[in-house]
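Descriptive structure summary
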Amino acid sequence: MNIVKIERPISYDEYLNLEYKKLDELRLSYEQGFLKEDELQARVAIVYDRIYDLIALKENNRVVVPFYYLVLFDSDKKQLNYAVNNALDSLRIGEMSGHRLSSKELAVFLKYTNDIDFEETDVNKISPEDYATWAMPDKVQFTSRNTIVNGVATHNMRTVVYPTVVWDAWLATLMSYPSSKVVVKMKPMDSSKAISAIDRSLSELRVKVSSARTDSEALEAQKHLETLQLLLSSLQSENEVLLDVNIYVTAYDAVYTNDNPKLDDLQHETLRTKIVNMKKQIRRVWQEGGFRLNNMEFNQALAYIGSQISGYDPMENDGRGIPSNTVAAMYPWVFPFVMDKGGVKIGTSEGAPVFIDFFKRDEERVNSNMVIVGKTGSGKSYAAKALLTNLAAEDAKIFVLD
């Protein structure tokens, strides 16, 4: 399977449709005599303000955020269907929403893995038999140090050093780095092969412990030794599975693309994020997390193939054996902000608008109680009025006790 992070703009089409539906409901209330004309006009004006905000987000101020995907592979279609349904059930039990992509959604997803700027609605003009061709890049050029995909310079790298100990959501910050794509490729390792590999590593580590020249080297080797002994115990008791893992990172370099005279004839005015010294920056961020990236110089073709969404890994034999529990802790799989369709926009979080439906009920929200807290003059009264105005526009009954 692959765990994939790409960047793409949030679609607000469903949000817009719900606002237009609210307009229809208000007109119906007016026609049935529940609203006076001045009440209707006041409410319609508020809903139109919300519609204009959404149109701006859709057309001019697009919000680009990381999206995460789980891609499963199997030569047996029946077994693949079972695995997909099992994965969806597991996510649902963990209170994380997910769904299987339709053919059209799959085409858009695959196109985003090689193209960072296109109009998603173009897929509606394509017949299903042409989805695969549409999703493919138009032109790929390889140099010794980077790969130019559809006129955008990319740096393709592979993780070659991992930290000894990892933490919950250990790839969260690294995956969220802007203007990058991350593809984690993994395949279950045969149990006997995994145990043999660990046995060899344990023998090497025992030699390192006994021949270490400094106490720090001996402590580090001893730490590795104890970790592998625990893993071996889990594998032998069949509580754990070892996976062959490779992590490929693609960085989209807007600055290099714009500055490179060889790319002058290509138009890319809306490249995502312009980061100076993109390759150095992303290597530094990963290094701070205890990882090391290989630049894959003179191997850009291999790195590019590895970064594609497929069951094939050209560097499978060079992968890292990682326990399945550690892989599961890579990322929490949730957006860091609330995005209730049909909700009231109350602000932004990490550059993305926050929409809250105060009448939504789920495992966390069992009622609509809330409190607004802030120091004098910070805008508590204004916030309350703004919320009440939006709720009134949806025909909520409001009583104010001051």
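Residues numbered from 1 in each chain as written. Predicted model: local features only at pLDDT ≥ 70, side-chain atom pairs only at ≥ 80, totals over all residues. Heavy atoms only, no water.

**Brief notes about the overall build of the protein**
Looking only at helices and strands, one finds 13 helices and 11 strands in the protein. Burial statistics for the protein: of 402 residues in total, 38% are counted as buried. Considering only contacts in the protein between residues 6 or more positions apart, those separated by 24 or more positions represent 74%. Accessible area for the protein stands at about 23,700 Å²; split by element, carbon and sulfur atoms hold 51% of it. (Helix = DSSP H or I, 4+ residues; strand = E, 2+ residues; numbered from the N terminus. Buried < 20%, exposed > 50% of the residue type's maximum accessible area, 1.4 Å probe, protein only. Contact = heavy atoms within 4.5 Å. Areas by Shrake-Rupley, 256 points an atom, 1.4 Å probe, with all protein chains shown as cover.)

**Examining helix 1 (residues 13-31)**
An ideal rise of 1.5 Å per residue puts 27 Å on 19 residues; helix 1 measures up with 27 Å between its terminal C-alpha atoms. Every buried residue of helix 1 is listed here: Tyr15, Leu16, Glu19, Lys22, Leu23, Leu26 and Ser29. The arc enclosing the buried residues of helix 1, seen along the axis, measures out at 135°, which places them on a common side. Facing away from the buried surface of helix 1 by more than 90 degrees, the exposed residues are Asn17 and Glu31. In this structure, the buried side of helix 1 is in contact with helix 2 (37-59), strand 11 (352-356) and helix 13 (380-393). In the stretch just after helix 1, Gly33 is the one whose phi turns positive, near 85°. (Expected span 1.5 Å × (residues − 1). Arc of directions from axis to C-beta.)

**Some thoughts on the environment of Ile372**
Within the element layout of this structure, Ile372 appears in the loop between strand 11 and helix 13. Classification of Ile372 by relative accessible area gives partly exposed; the value is 34%. With 11 residues separating them along the chain, Ile372 and Ala383 place their C-alpha atoms 8.1 Å apart. Once you skip the residues sitting within four places of it in the chain, Ile372 turns out to touch Lys380, Ala383, Ala384 and Leu387.

**Regarding the packing of aromatic side chains**
A ring pair, where both rings are aromatic, is described by two values, the distance of the centres and the angle of the planes. Scanning the entire structure with this criterion turns up 11 aromatic pairs. On the numbers, 5.8 Å between centres and 70° between planes, the contact of Tyr162 with Phe291 is edge-to-face. Remark: Phe291 occurs in the loop between helix 10 (278-288) and strand 8 (292-294) and Tyr162 occurs in the loop between strand 5 (152-161) and helix 6 (172-175); sequence separation between them is 129 residues. No difference in accessibility class separates Tyr162 from Phe291, as the two residues are buried. Put simply, the rings of Tyr162, Trp170, Trp286 and Phe291 touch in pairs and so form one group of aromatic residues. Seen from the ring of Phe118, Lys111 lies directly overhead, with NZ or CZ sitting 5.4 Å from the centre. Across the ring face of Trp134, the terminal group of Lys111 is positioned such that the distance to the ring centre comes to 5.0 Å. (Phe/Tyr/Trp six-rings, centres within 6.5 Å; stacked < 30°, edge-to-face > 60°. Lys NZ or Arg CZ within 6 Å of the ring centre and 35° of its normal.)

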